[in-house]
Structures are given as structure tokens and as C-alpha cells.
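# Per-entry structural report
Chain residues, written in single-letter form:
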Amino acid sequence: MSYTVTIEPTGHTFTVEPEQSILDAALRHGLVIPYSCRSGTCCTCMGKVVEGAVTYPGGQPPESLDDKELAVGQALFCMARPASDLAIEVREVREAADIPPRKMRCRVAHMERLSRDVMGLQLKLPDSERLAFLPGQYLDILLRDGRRRSYSLANAPHDDDLLALQVRHIEGGEFSEQVFHAMQEKALLRIEGPYGTFHIREEDDRPILMIAGSTGIAPLLSMLAHMIHTGDQRPVHLFWGVRSRQDLYMDDTLQAWERAHGPLQYTPCLSEPQPEDAWDGRIGLVHNMLLQDYPDLSRHAVYMSGPPAMIAAAQRDFARHGVEEQHFFRDAFEFAA
Ligand code: FES
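Predicted, not measured: the structure shown is a model, and the values here were computed from it.

### As for the sheet that holds strand β3 (residues 46-51)
Spatial strand order, β2-β1-β7-β3-β5: five strands in an open sheet with mixed pairing. At either margin of the open sheet sits one strand with a lone partner, and together these are β2 (13-16) and β5 (74-76). Averaged over neighbouring strand pairs, the angle between their axes works out to 40° when direction is ignored. In terms of strand pairing, strand β1 (residues 3-8) meets strand β7 (residues 86-89) through four bridges, oriented parallel. Each residue of the ladder has a partner; that of I7, found in β7, is I88.

### Things to note about the domain arrangement of the protein
Assigned domains of the protein: these are domain 1 (3-92), domain 2 (97-195) and domain 3 (208-332). For domain 1 and domain 3, the distance between their C-alpha centres works out to 38 Å.

### Topic: the environment of L285
Residue position: L285 is located in the loop between β17 (282-283) and α6 (286-293). Along the backbone, L285 and C269 are 16 residues apart, and their C-alpha atoms lie at a distance of 7.5 Å. Ignoring anything within four residues of it in the chain, the contact list for L285 reads G241 and S271.

### Focus: unusual backbone geometry
A cis amide bond links E8 to the next residue, P9, at an omega of 5°. Topologically, P9 is positioned in the loop between β1 and β2. A cis geometry characterises the amide bond from G193 onward to P194, with omega recorded as 0°. Backbone geometry places E19, a non-glycine residue, at a positive phi of 70°. Looking at where E19 falls in the secondary structure, it is placed in the loop between β2 and α1 (22-28). Taking the number of C-beta atoms within 10 Å as the measure of exposure, E19 has 8 and is therefore exposed.

Definitions and cut-offs
Residues numbered from 1 in each chain as written. Predicted model: local features only at pLDDT ≥ 70, side-chain atom pairs only at ≥ 80, totals over all residues. Pairing = 2+ DSSP bridges. Helix = DSSP H or I, 4+ residues; strand = E, 2+ residues; numbered from the N terminus. Axes fitted to C-alpha atoms, helices over the stretch in contact; angles between N-to-C directions. Domains from an automatic or database assignment. Contact = placed C-beta atoms within 7 Å. Buried ≥ 20, exposed ≤ 12 C-beta atoms within 10 Å, placed from the backbone.

Structure representation (C-alpha cells):
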């Protein structure tokens, strides 16, 4: 039998299916509460049961909860299952600052060539670990010499069995050369994250415009997957700019999402279509395409991810078209070498 859980003080509610933990159910409903190990040992997910009762697999609470904590109703939500409808008190993660970055080891579970110069990596953390993050954030790969390479997470937080990165090949770049020419599945990596304040603002009800250049699509994929999963009904129009048709490596996915999720509109734009592309879609700089369709940006929230020069040019032009600074979120990145 499923139960209803209400989080205090926000009043957010969600249902928990039989055998599902309270944390898993919250994440599936797009509500992030702090967590780390998801196995009852780190206590990051601790909160209070204010009304109702919980049970634990095996019938006993995890040993990491002491008697004093149990006596005042504390529970570990990664393990606890409701035994009735519940009211719980727990901090909800709404801001990037709510999730402290951590260093972790992981393995490369899958590698997939997404286009001529983009490799998809899927990273697997040890079974006892999970990375909590907000859709749109990034992590750092820690190299042996202490340097770092930053990549946005392309998966959504509810879908966190594997962490998805999109690595662009940079000629001579230490990490990207390794990814394209030496790395094998099962390789070990060290990562640190999550980082960044580029994440979807849940409390803002403005229609959303998203604009991505090249692999800047990765954080927007995370945001869109999250919005679709949570049934977010805000209108959202994504413009994705790349050079030629073969660079549209997520085109099929985005078209499928557009068909399945009514509020989503998707417009791919090519800056240098090749004759063999037989392209009859939009041609030009992607931010100019967006301005052709939306000359007045004063009522929109704009999320933009791409190289710094692209962001700088768009920023100047968008300001002339009324974008409000507090509703313009951008993630400017140099392609990590
Ligand atoms: Fe670690 Fe619950 S005890 S996430």
C-alpha cells in the first residue's frame, strides 16, 4: 500500500510505494533532501518523523541511529519506509550551496561516441555512494597532477545510478586525448562535486528559454529530464546551436522529448551547414535565432550554456531585448582540454 508523506515546513507532499525508501520516493518526485551513502551509514539524510511511523528493512533501525535520536523521532530517510501517512521535518535542498562538494572515486561504466568529437561517459560510483546534485550542476575530474577538468552532469538527479558526462575532443588536450585514445571501460577516475550555481529555479514561474552551444547542451539535458520527470508545466523552448548536422548528437532524444512533453519546444540551429546536410532548418548564430522568435525577453527566464564568447555576445544582445539580470542564468565554459 502506498503512503503520503508531507515535508515540513515546505508542505511539499509525495507518495511512497511499497518497499520504496522515503528518500527514493522524494527524489522520484523531484524533491531533493540531503543524502550521500543511501545505505544507512553516513546520517546525511537524517530528519524527524513528526507524525506517523516508519519501519526499516529487517525490522531494525540502522546502527548509526543511536537511542537518543530514535527517542526524539529521528529517522534515516534513505532506509526508512512509511508504516502510515507521515509528516516529516527535513531540510530540502533548494540552492547549490545546500550540497557541499565531495571527492569520490568512480569507474567508467560505459563509453559511447556521440559524434565525431564528443564522447559520452557514464560513471559508476561505488554501491554505497551517491552524488546529490541539482539539475545543471557540474563536477570536476581530478587529474593525477592535481589539475582538474570540469564537466556538466547530463543526467537528472532522480536518475543517478550512472553519472553522464559529454566530453568534447580537444586536440592535444590531456584529458580529452586520454578519453578518445586511451581510456577503456572500467577505468578508475577521481571526481569532486557537485559545483556551480547554474541550476533550474523551481520557484520561478516564468516561461523558460534555453540556449546551448555545442556540448553546452549537457546541463540543459539534465534540467529538461528533471522537468519532464516532475511534470513541470512551465513552457520551455530550447535552442541548440552547433556547426553542422553531424554535431546534433542528441537530436533524436530532444525530438522525442518534444513529442512526449507538451510544454517543450525544440529548435536546432546550424551555423555552417554542409551541402550533404540537406538542412532546411534554422541557419545562423543560435542567439540571433532565439531573438528572431522572442524579440521581447522581459517576461522570460533565460538559461544559457556555452563558450564564453558566445555568452558574452548573447548577454549584450539580450540586454537590449529586455532580459532581466536576475532571470538570466548562464554557464560559460571553456572546452575542457
Ligand atoms: Fe547516508 Fe542516509 S545514511 S544517505
